[in-house]
Amino acid sequence: MSGKFVSMGFDRFMDTFVRNALGPVKAPPPKEWQGKFDSISDVKLEAELQTEFINIIDKLKILEPGYKMISSPDRADPTDSFGQKADGGIYASSEAPEDNRTCWATKALSVEFKKEVTEDDPFNDQGGSSFEAKSIQRRKNRGQIIHYASQVFLHQHRCFLFSIIVLGTSARILRWDRSGTIVTEKFDYRKRPEMICEFLWSFARLSPEAQGYDTTAVRVEKGSPEYDLMDRMAELPEDADRTPWSYIGDYFRSSLAPGWIRYKVTVVDEGESGDDGQDAGDSDNGATGDTVADDPGAGEGSKASSTSSGKKVFQFLICKPHFSVPGVLGRGTRGYVAIDVAARKFVFLKDAWRVKLPGIQREGDVLRFLHAKGVQNIPTVLCHGDIDGQWTLSQDYYEWVGHDDRNPLKEHCHYRLAEFEIGQKLETFQAGNVLLKIMWDCLTAHEDAYVKADILHRDISEGNILIFLRQDSDGEIEPCGLLNDWELSKKIPNSDISQDDASAGRQPDRTGTWLFLSALSLNDKWKKIVLQDDLEAFFHVLLYMAIRFIPSNCDDVGRFIDRFFEAATVRKDGEYTCGPDKMSAMQIGRIRVNSALVPLKFMESKGEYPMNELIDILLQWFSAYYREQTRLVPQANHAGSSSQISPTHVTSTRPLRVKGLPPVPVERLAKLKSTPQILPSRDAELSANLSSHEEIRDLFRGFAEHPNWPHLTR
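Residues numbered from 1 in each chain as written. Predicted model: local features only at pLDDT ≥ 70, side-chain atom pairs only at ≥ 80, totals over all residues. Heavy atoms only, no water.

Novice: Any details on the overall build of the chain? Residues and values, ideally.
Specialist: Along the chain, the regular secondary structure elements total 17 helices and 26 strands. Counting across all 714 residues of the chain, residues that qualify as buried make up 55%. Taking all contacts inside the chain whose residues are at least 6 apart in sequence as the whole, residues at least 24 apart take part in 74%. By element, 48% of the accessible surface of the chain is carried by carbon and sulfur atoms, the whole surface being about 29400 Å². (Helix = DSSP H or I, 4+ residues; strand = E, 2+ residues; numbered from the N terminus. Buried < 20%, exposed > 50% of the residue type's maximum accessible area, 1.4 Å probe, protein only. Contact = heavy atoms within 4.5 Å. Areas by Shrake-Rupley, 256 points an atom, 1.4 Å probe, with all protein chains shown as cover.)

Here it is, written out as structure tokens:
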């Protein structure tokens, strides 16, 4: 979140976000609170500060009757995988934890306590180069309150939220949204008690919308028809009743987890499901049309209600996200296996805060356009739409405090998209050639979009490549690739866009997922993404899956992932750029697994494993392209650190065959495999393989047909 905090005076903060929302209601006069915090000056320890502060608030009764401030410094929320123990918070009186345990699902406002006024302050009001304090302790404290805010965003349905950090006898109030965070100036609440008291008194009387809640998400209470429906659809089927698509019910069942609240959310569709010229449940990509009749993930029309303007209104039942993007800033995407209330069917619901900038279309509009153009292997839209009146505000106050140049805070708009298909994670692949077949399907989708619709995906990642089961005309089940998440896609002038046209991007941040971005785009956050960047991202996804799930000579997979995929180089100006291992691999065409410069190899004990040759060929192509583009000198490797990830093991050497792939002519595959000595005169020939999809697509297809692909187990 570096650079995304904005300082604001207390009165301006209160006028903008609190007092105006209260309307004619006025807080009690300041004299009522004078002297109430004088005892705070005698406190010596942080625990004493917390206890004394909460006792004073309790005696003042300024949160009553609706809310209570609770201390919870010793007991973490069991749903928090980090196990952090938040000091305290404000809860509705009816939901206040009785065991003093943090509950992110119901906390209305977080309160963090620190003993030192300056040494513990995450921010700096003294001016200078940065509002964000630089010392280790102050940075740690800033990270702590960021984590607490992210947990509230994860567990609740929020447009924004408030929090407080108490620093000895001083305090700050913060307002968080997906664009940035507004932070008040530090004030001495012992000398000016009316400041903290007015805020708390006002907060307890704000409407849910003014407190930051998304009121289109309504709790599903136990005993209600919707609650019972969720229970019924989560019932575990008998073994004899299971189908290849039963994993969808398994996903939903696991979402009904302890500590998570059930919700009903609404989507007002921004267009008819079939407005792209096809029936919404009859996608021509084959991903929904060939499923069995009782498949809960099949594309079947939904009976939705309508608004007075004729727009269809859909309602969905959800609980814990199937996946979520961590953190506070950005899209904050959460994906749910949801129940379409009207159709009584499982669908996939995506809840995100999309960037609202010129040239960025809503994902549902993009998908319907792509379907109309005949793009294969992409999701089918049931409904989608922006949530009326829900957008970020932090970006509007960035220039007000005197910052110049480009505003790093972007406006985000709340958006929901429901899709018929519910895919499996890419990591569930059972053999290397199945992985290649799935990626070949997604390369086909990428090529279709690029050639038929002039659209570049720009966010290729392992999370956006899904496995979807399709039933063919013979009744056999075939795993297929589904290229998902087109939110960051961009219409390009034509399919011949080149690096010469890549002078500047439209957003002040990189587009895509750090682990899979090309080395060139990691080195320049303003770089326009071109075809070769997306093709390189496909390569990184392939390598990421292989190193995690296929046995190799790498004895520390976690460290490799940290060094190659997650690492960054910090420039003198504080900008993060590509880590040295990824950049070196793309420049010189070799991947090493340790300081002894041992080349990475998979399945060494099984003879000629096809993945090794495929990766070597792709590295030759990309290194030639890098020399053509940059002529950079290869950089040395540097060490990193990470946690261990256990590799998988071979249980069978029986060759696997994949279906649905047209054969690659022998001569064609031989030409693609040719790896001449790398000389500058040959770089143009090799890098030309990345100027379109044809060569890399055929390479994946040819290797998927290789006979020596053993089974894998996790």
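Novice: So what's going on with the pairing of strand E3 (residues 88–92)? Which residues, and what values?
Specialist: With 5 of 5 residues buried, E3 lies mostly within the body of the structure. Of the pairings in the sheet, the one linking strand E2 (residues 67–71) to E3 comprises 5 bridges and is antiparallel in character. The residue of E3 that forms the bridge with Ile70 is Gly89. Bridge count between E3 and strand E4 (residues 107–114): 4 bridges; the pairing is antiparallel. For Gly88, the partnering residue across the bridge sits in E4 and is Val111. (Pairing = 2+ DSSP bridges.)

Novice: Describe helix H14 (residues 610–629), listing the residues and the values that go with them.
Specialist: Over its 20 residues, H14 runs 29 Å from end to end, which matches the ideal 28 Å to within 8%, given 1.5 Å per residue. Where burial is concerned, most of H14 is hidden: 15 out of the 20 residues are buried. (Expected span 1.5 Å × (residues − 1).)

Novice: So what's going on with the nonpolar core? Which residues, and what values?
Specialist: If you look at the biggest cluster of nonpolar residues, it comprises 88 residues, and the most contacted ones within it are Ile465, Leu542, Leu543, Phe602, Met611 and Leu618. Apart from the residues within four sequence positions on either side, Leu618 is in contact with Phe539, Leu542, Ile696, Leu699 and Phe700. Counting 51 residues, the second largest nonpolar core, distinct from the first, contains Ala108, Leu109, Val166 and Ala171. (Core = buried A, V, L, I, M, F, W, Y, C linked by side-chain atoms within 4.5 Å.)

Novice: Give a description of the side chain of Asp459 that names residues and reports values.
Specialist: In this fold, Asp459 is placed in the loop between strand E19 (455–456) and strand E20 (465–471). Residue Asp459 is classed as buried on the basis of its relative accessible area of 2%. The contact partners of Asp459, leaving out residues within four places of it in the chain, are Arg331, Asn464, Asp485, Leu488, Gly512, Thr513 and Asp534.

Novice: Quick rundown of the packing of helix H11 (residues 531–549) against H14? Include the residues and the values.
Specialist: Running from N to C, H11 and H14 cross one another at 150°; their axes reach a closest spacing of 11 Å. In this view, H11 runs roughly antiparallel relative to H14, as classed from their interaxial angle. Two packed elements cross with a definite hand, and for H11 against H14 that hand is left-handed. Where H11 approaches H14, its residues Gln532, Leu535, Glu536, Phe539, Leu542, Leu543 and Ala546 are matched on the opposing element by Met611, Leu614, Ile615, Leu618, Leu619, Phe622, Tyr625 and Tyr626. (Axes fitted to C-alpha atoms, helices over the stretch in contact; angles between N-to-C directions. Parallel < 35°, antiparallel > 145°, perpendicular 65-115°, else oblique. Left-handed = near helix turned anticlockwise from the far one by under 90°.)

Novice: Any chance you could break down the pattern of salt bridges for me, citing the residues and the numbers?
Specialist: Within the structure shown, the criterion is met by 45 salt bridges. Close ionic contact of Lys311 with Glu270 constitutes a salt bridge, the shortest N to O distance being 3.3 Å. Of the two residues, Lys311 is situated in the loop between strand E11 (305–306) and strand E12 (312–318) and Glu270 in the loop between strand E10 (263–268) and E11; the sequence distance between them amounts to 41 residues. Exposure remark for Glu270: the relative accessible area of 25% places this residue in the partly exposed category. Salt bridges sharing common partners tie together Glu270, Lys311, Arg354, Arg362, Asp365 and Asp386. (Salt bridge = Lys/Arg side-chain N within 4 Å of Asp/Glu carboxyl O.)

Novice: Explain the packing of aromatic side chains to me, using residue names and the numbers behind them.
Specialist: Evaluation of the coordinates by the stated rule reveals 31 aromatic pairs. Residues Phe13 and Phe17 carry aromatic rings whose centres are separated by 5.3 Å and whose planes lie at 70° to one another, so their mutual orientation is edge-to-face. With Phe13 and Phe17 both in helix H1 (residues 10–22) and 4 residues apart, the pair spans about one turn of that helix. Look at Phe17 and you get buried, because its relative accessible area is 7%. Judged by centre distance (5.6 Å) and plane angle (5°), the rings of Phe560 and Phe564 are stacked. On the criterion of helical spacing, the pair formed by Phe560 and Phe564 is a turn pair, its members being 4 residues apart in helix H12 (residues 557–566). Across this residue pair, the class does not change: Phe560 and Phe564 are buried. An aromatic cluster of at least three residues, connected via ring pairs, comprises Phe13, Phe17, Tyr67, Phe160, Phe162, Phe199, Phe203 and Tyr397. Taking the ring centre of Tyr213 as reference, the NZ or CZ of Arg158 above it sits at 3.9 Å. The ring of Phe153 carries Arg178 above its face, with NZ or CZ at 4.4 Å from the centroid. (Phe/Tyr/Trp six-rings, centres within 6.5 Å; stacked < 30°, edge-to-face > 60°. Lys NZ or Arg CZ within 6 Å of the ring centre and 35° of its normal.)

Novice: Could you give me a rundown of the environment of Tyr263, with the residues and numbers involved?
Specialist: Looking at the secondary structure, you find Tyr263 in strand E10. Taking the relative accessible area as the measure of exposure, Tyr263 reaches 6% and is therefore buried. Tyr263 sits 43 residues away from Val220 along the chain, and the two C-alpha atoms are 5.0 Å apart. Discounting chain neighbours no more than four positions away, the residues touching Tyr263 are Gln156, His157, Ala217, Val218, Arg219, Val220, Phe316, Leu317 and Ile318.

Novice: Report on the packing of H1 against helix H4 (residues 193–203), specifying residues and quantitative values.
Specialist: Running from N to C, H1 and H4 point in directions that differ by 25°, and their axes come no closer than 11 Å. Comparing the axis directions of H1 and H4 gives the class roughly parallel. Like other packed secondary-structure pairs, H1 and H4 cross with a definite hand, here left-handed. Across from Phe10, Met14, Val18, Arg19 and Leu22 in H1, the residues of H4 making contact are Met195, Glu198, Phe199, Trp201 and Ser202. Here the contact of H1 with H4 is composed, by residue class, of 7 nonpolar, 1 polar and 2 charged. (Nonpolar A, V, L, I, M, F, W, Y, C, P; charged D, E, K, R; others polar.)

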